[in-house]
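Structural overview for review
Given next are the chains, with one letter for each unit.
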Amino acid sequence: MKENSAQAGFTLIEVLVVAILLGVFAAIATDTFSNIMKAQNKVRITNELEQSGNYALSKMEQDIRNAESLICCESGFGEQCQVGSMNKSIKLIVDGVPVLYLIEDVGGGVYALGKRVGDSEPTSHLTDTDPSSGVSINRGNTSFVCASDGKRVSVTLALEPGPQAPLRSEFQGTVQLQTSAVLRGISY
């Protein structure tokens, strides 16, 4: 009987080709997965900013609609709006009680939308003030603009991730939200 001189198996070249192809496919899959994760992070950050801003604006808008009077303190306070070093605020009278909405420096480079009810109550923050996972108000792009009749206000709220958020692009962004509100009993 004759023995078959060719042995069953793979040559070194065949094994190398398969290994190279698997490496290329793995690199493509890793890059695709990484891009998907970056996109998901960007969407998540944007959604968190929008959600936080919409919550804050809805609270503010509700108080504005229920207010009896409104004073915008955009820059340089009058006696009615003196709140320390803050430069943007709205003072409302709601059911006879003063309510002040202001942009407040809470430390660590974080600015929050604050609400102070009454003259001696502490300020509550309507945005998450954690410097790494929270939201910070962009003061330069945030404004409270009152109509000359003192009955309407337009609010522009610009939010960005806290100053200690990762610096990678997928963890950065800015969301700008706007609303207008009219004091109760006013029809236009």
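How each quantity is defined
Residues numbered from 1 in each chain as written. Predicted model: local features only at pLDDT ≥ 70, side-chain atom pairs only at ≥ 80, totals over all residues. Heavy atoms only, no water. Helix = DSSP H or I, 4+ residues; strand = E, 2+ residues; numbered from the N terminus. Polar contact = N/O pair within 3.5 Å; in protein donor to acceptor, adjacent residues only side chain to side chain. Pairing = 2+ DSSP bridges.

1. Considerations on the side chain of Arg 116
By the secondary structure assignment, Arg 116 is in strand β4 (residues 110-117). Within the structure, Arg 116 has its side chain in polar contact with the side chain of Thr 123 (distance 3.0 Å).

2. A short note on the pairing of strand β3 (residues 97-107)
With 6 bridges joining them, strand β2 (residues 89-94) and β3 adopt antiparallel strand pairing. Note on β3: the bridge partner recorded for Ser 89 is Leu 102. Counting the residues in the hairpin turn of β2 and β3 gives 2 residues, including Asp 95, whose phi is positive at 55 degrees. Pairing of β3 with β4 involves 8 bridges; the strand directions are antiparallel. Its bridge partner being in β4, Leu 102 is matched across the sheet by Gly 114. Where β3 folds back on β4, the antiparallel hairpin that results is connected by 2 residues, among which Gly 108 adopts a positive phi of roughly 70 degrees.

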